[in-house]
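Coordinate inspection notes
Chain by chain, the residues:
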Amino acid sequence: MASNGSALFWFRRDLRLNDHAALHAALSRHDQVFCVFVFDVDILQPMLRRNGGASRQVAFMHACLHDLAEVLRLKGSQLLFIHGRPTEEIPRLVDRLQVSCVYAARDYEPQAIARDLQVMRQLNAARREFFLVKDQVVFDRDEVLTQSGTPFGVFTPYKNAWLKKLLPSHLEDFGTSSLWQHLAPPVESDGMPVLQQLPTLAELGFGAAAALAMKLPIGPDGAQSLLDDFGPRMKVYKAARDFPAVKGPSYLSAHLRFGTVSIRHLVRSAQADPSEGSQTWLSELIWREFYQMILWHHPHVVGHCYKPALDALRWDDAPHLLAAWCEGRTGYPLVDAAMRQLNQTGYMHNRLRMVTASFLTKDLGVDWRLGEAYFADQLIDFDLAANNGGWQWAASTGCDAQPWFRIFNPITQSEKFDPKGQFIRRYVPELVDVPDAHIHAPWLMPHLPRNYPAPVVDHATARQTTLARFDAIRASD
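Here's a quick rundown of the structure. Model, not experiment: these values are computed from the prediction.

Thresholds, definitions, all that
Residues numbered from 1 in each chain as written. Predicted model: local features only at pLDDT ≥ 70, side-chain atom pairs only at ≥ 80, totals over all residues. Heavy atoms only, no water. Buried < 20%, exposed > 50% of the residue type's maximum accessible area, 1.4 Å probe, protein only. Helix = DSSP H or I, 4+ residues; strand = E, 2+ residues; numbered from the N terminus. Contact = heavy atoms within 4.5 Å. Core = buried A, V, L, I, M, F, W, Y, C linked by side-chain atoms within 4.5 Å. Expected span 1.5 Å × (residues − 1). Axes fitted to C-alpha atoms, helices over the stretch in contact; angles between N-to-C directions. Parallel < 35°, antiparallel > 145°, perpendicular 65-115°, else oblique. Left-handed = near helix turned anticlockwise from the far one by under 90°. Nonpolar A, V, L, I, M, F, W, Y, C, P; charged D, E, K, R; others polar. Salt bridge = Lys/Arg side-chain N within 4 Å of Asp/Glu carboxyl O.

1. Quick notes on helix H10 (residues 263–271)
- Every buried residue belonging to H10 is among Ile263, Arg264, Leu266, Val267, Ser269 and Ala270, and all of these are buried.
- Where H10 is buried, its residues contact helix H1 (21–29), helix H6 (155–165), helix H7 (219–230), helix H9 (253–258) and helix H11 (276–297).

2. Looking at the nonpolar core
- Residues Tyr158, Trp162, Trp281, Phe290, Trp325 and Phe375 are the most contacted members of the largest nonpolar core, which totals 84 residues.
- Examining the composition of this core, we find that ten residues originate from one element, H11, more than from any other.
- Every residue in contact with Trp281, bar those within four places of it in the chain, is listed here: Leu227, Phe230, Met234, Tyr237, Ser250, Leu252, Leu266 and Ala270.
- Leu23, Ala26, Phe174 and Leu198 belong to the second largest nonpolar core, which has 43 residues in total.

3. Examining H11
- When the terminal C-alpha atoms of H11 are compared, their 31 Å separation across 22 residues agrees well with the 32 Å that a helix rising 1.5 Å per residue should span.
- Most of H11 sits inside the fold, with 17 of its 22 residues counted as buried.

4. Here we look at unusual backbone geometry
- Phi is positive for Arg127, close to 65 degrees, though the residue is something other than glycine.
- Phi is positive for Arg141, which is not a glycine, with a value near 45 degrees.
- For Arg141, the position within the fold is in the loop between strand S5 (129–133) and H6.

5. Side note on the packing of helix H13 (residues 333–345) against helix H14 (residues 350–363)
- Closest axis-to-axis distance for the H13/H14 pair is 10 Å, and the angle between their directions is 115 degrees. Classified by the angle their axes make, H13 and H14 are roughly perpendicular. H13 and H14 meet at a crossing whose hand is left-handed. Here H13 contributes Leu334, Val335, Ala338, Met339 and Gln341 to the contact with H14, which in turn contributes Leu352, Val355, Thr356 and Phe359.
- Each residue belonging to the contact of H13 with H14 can be placed in one class, and the counts come to seven nonpolar, two polar and no charged.

6. Quick word on the pattern of salt bridges
- On inspection of all chains with the given rule, the structure shows 27 salt bridges.
- We note a salt bridge from Lys235 to Asp273, for which the minimum N-O separation is 3.5 Å. Of this pair, Lys235 sits in the loop between H7 and helix H8 (237–240) while Asp273 sits in the loop between H10 and H11, and the two are 38 residues apart along the sequence.
- Given a relative accessible area of 8%, Asp273 falls into the buried group.
- In this structure, the salt-bridge partner of Arg340 is Glu430, at a minimum N-O distance of 2.9 Å. Of this pair, Arg340 sits in helix H13 while Glu430 sits in the loop between helix H18 (422–427) and helix H19 (459–476); the two residues are 90 residues apart in sequence, bridging distant segments of the chain.
- In the salt-bridge network here, residues are joined through shared partners; they are Arg16, Asp19, Asp135, Asp173, Arg264 and Arg268.

Coordinates in, geometry out; function isn't part of it.
Structure follows, in structure tokens:
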């Protein structure tokens, strides 16, 4: 039952209307709910400096915002836009609209937590309230702890506790269709610190991003189409997910990142299929929550090793090797194909994220933070918690990490997961005519293929260097 008064709903990484816990809370409690999205300059400006305005992530978000704004328009409402600092602009908008409170979905990144705390303090000082509602995860913060009340540091016990705690009520569908009459009608922008039309990418400084190929379907309808396509394949997910030339994954990661699909909807979908493949996919969804929990409890992982003693690791200063890795010209075909897939599409297969991260840190000896930053700039689905967790896992500096002495061999990984070289040939055309027998190690041919480099390092030698690097830390303990 809606109460008297109006509220403001602040969209962030939750660009949908349906099955939305935070939006449902606002619409069910208030007669009138205005909607706003803030293009946060503190987030966008560093991105502009790093990639010169070419960001697939921003382009995907922009397309999803266009979709959301159109849906709200068809419902007789509107999505207001602000280009500025939320800590300044949200309190101003609240004052101009004379709403009693603001609602938003809770975020778990340190920068977002600090931002929200500052906004809350300003609103409270003006006798307004700020409600943060759990929506982007099933369990957050302290909801899944060890029996001694401490955060988990190992995934499998966390997963078991997560599954044991799960009840049907945790997967409630927060449908909003019966509440849309509480969406506020369009407002006059005179005197408002808002834009009533979605600014173009060029107006945001990201003009070059518009030219980037965008094959991923956008918005909630796009997310649902991907889920519908994945449904029949879910049963074989466990067997298919590690082969990059095969259509194995769900390809929903960007939609989860921007909240165009509800995590509860995905977990319900996994539960509806009792197959081994669906349970493996559910485990991947729980990994996502594990890393969100780690980030919330251990914010120092942003920029530092989860295990503080490992901050003393001495990485090599090798900009030429980092450049070869970024550009996909290391001489190791699977690594190069993976990096070129990332550079061309903004996506990388999950198995290959592990392979390339291991190669950068344990074959090239380059600091994991440099690879993490490159992925952050290139991935459409970049998520701080998952990206940081994945990189620290591969570098053996994180929680429940790959043991430091287990080092992916890029050749055997290639032979196992791309045996016929189909994926390699798709992204490394220099090797298209190389026979299967040499596709994983073309330097063993009498002559290297034209325009393809020799390996930048020898894997066996690099492995010994990495073992020595970690041994030095163990010896100093």
